Amino acid sequence: MSENKIAAVSRTEFGKGAARRTRRAGLVPAVLSGHGTDPVHISLPGHDIALALRVANALLTISVDGATDLLALPKQVQRDPVKNTIEHIDLVIVRRGEKVSVEVPLVVHGEDKVDGLVIMDQQTIVLEVEATHIPGSIEIFLEGLEVGAVFTAGDLNLPDGAVFPGEADDLILSIATTPAAEAAGDEAEG
């Protein structure tokens, strides 16, 4: 995972009016907190942060007013419901080597080679990983799975250092009979 370097400016004005002025200037208001530090109110360049947040769990290297760089992960991103622009970001400070709990997307390969209907029980999975080694996604390969097969968390191929905090038998996906095959089976029986 690559780190996105972003230069931030500290904010001294707060409230709705100040936030609107910040956004009109092409900046995004944000709060940086964590590790027992007081929250730092900052403004981030709108275009740069929008590009960085296109990736899930983007690791940001933020320098506030040119000071030392801080590593941060987006905790909450508030978007305008109509324009889909970023309105505000809550960032949490992380340290190199520190384990964090993040949601990672699941990507399925080989759906077209399965003779059944793939039913996804989960689209993402929560993993505990080192902050600087967050995987972009976890891949699931379906080759060789038949109708009636189930794929559990224990079947996932996790990267080194990643831990799934749940149970190994947590259902990820299953292969069911397609409605057309079910109908054909019913006609053959009757």
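Here, every reference points to the structure presented above.
Attention here is on the structure that accompanies the text. The numbering scheme is per chain: residues are counted from 1 as the chain's sequence reads. The model is predicted, so local features are restricted to residues of pLDDT at least 70 and side-chain atom pairs to those at 80 or more, both for listing and for counting; the totals for chains, interfaces and linings are taken over all residues. Processing note: side-chain calculations cover all non-hydrogen atoms of the structure and skip hydrogens and water entirely.

Bridge analysis of strand S8 (residues 117-120) against strand S12 (residues 171-176) gives four bridges, and the strand direction is antiparallel. The residue bridging valine 118 from the neighbouring strand is isoleucine 175, located in S12. Whether two strands pair comes down to DSSP finding at least two bridges between them. Secondary structure elements are defined from DSSP: runs of H or I of at least 4 residues count as helices, runs of E of at least 2 residues count as strands, and each element is numbered from the N terminus.

Here serine 174 lies in strand S12. For serine 174, a relative accessible area of 17% puts it in the buried group. Any residue under 20% of the maximum accessible area for its type is buried, any over 50% is exposed, and the rest in between are partly exposed; the area is computed with a 1.4 Å probe on protein chains only.

What follows is about the sheet that holds strand S7 (residues 99-109). In space, the three strands of this open sheet follow the order S9-S7-S10, with mixed pairing throughout. Since the sheet does not close on itself, it has two edges, and those belong to strand S9 (124-130) and strand S10 (138-141), each with one partner. Ignoring strand direction, the axes of neighbouring strands in this sheet form an average angle of 40°. The pairing of S7 with S10 spans four bridges and is classified as parallel. When the bridges of S10 are listed, leucine 106 appears paired with isoleucine 138. Only the stretch in contact is used when fitting a helix axis, every axis being a line fitted to C-alpha atoms; angles between N-to-C directions are given from 0 to 180 degrees.

Here we take up the pattern of salt bridges. The rule for a salt bridge is simple: a side-chain nitrogen of Lys or Arg has to be within 4 Å of a carboxyl oxygen of Asp or Glu. Going through the model one piece at a time under the given rule, you end up with three salt bridges. As a salt-bridge pair, lysine 5 and aspartate 69 come within 3.8 Å of each other at their nearest N and O atoms. Residue lysine 5 is found in strand S1 (residues 3-10), and its partner aspartate 69 is found in strand S5 (residues 69-79); the two are separated by 64 residues along the sequence. Look at aspartate 69 and you get partly exposed, because its relative accessible area is 46%. Residue glutamate 13 pairs with arginine 21 through a salt bridge whose shortest N-O separation is 3.5 Å.

Take unusual backbone geometry next. In this structure, histidine 35 is a non-glycine residue whose phi angle is positive, near 55°. If you trace the backbone, histidine 35 turns up in the loop between strand S2 (27-34) and strand S3 (37-45). A positive phi is found at asparagine 84, a non-glycine position, where the angle reads about 60°. Within the secondary structure, asparagine 84 sits in the loop between S5 and strand S6 (86-94). Residue class for asparagine 84 comes out partly exposed when judged on its relative accessible area of 48%.

A separate point is the side chain of serine 63. Note on placement: serine 63 falls in strand S4 (residues 59-64). For serine 63, a relative accessible area of 14% gives the class buried. Those residues in contact with serine 63 that lie beyond four places of it in its chain are Ile6, Ala7, Ala8, Thr68 and Asp69. Contacts are assigned to residue pairs that have any heavy atoms within 4.5 Å of one another.

This brings us to the pairing of S1. Bridge count between S1 and S4: six bridges; the pairing is parallel. Considered in S4, the bridge of asparagine 4 is made with leucine 60. Where S1 meets S3, two bridges bridge the pair, whose relative direction is antiparallel. Bridge pairing links serine 10 to isoleucine 42 in S3.

Soluble globular proteins tend to bury their nonpolar side chains together. Buried Ala, Val, Leu, Ile, Met, Phe, Trp, Tyr and Cys residues form a nonpolar core when they are joined through side-chain atoms within 4.5 Å. Ile125, Leu127, Ile140, Leu156, Ile172 and Leu173 are the most contacted members of the largest nonpolar core, which totals 28 residues. Residue assignment for this core shows that the elements contributing at least two residues are S5, S7, S9, S10 and S12. With five residues, the single largest contributor to this core is S7. In this structure, isoleucine 140 is in contact with Leu106, Val107, Val108, His109, Phe151, Leu156, Ile172 and Leu173, ignoring residues within four places of it in sequence. Of all hydrophobic cores here, the second largest spans 19 residues; its members include Ala8, Ile42, Leu60 and Ala72.

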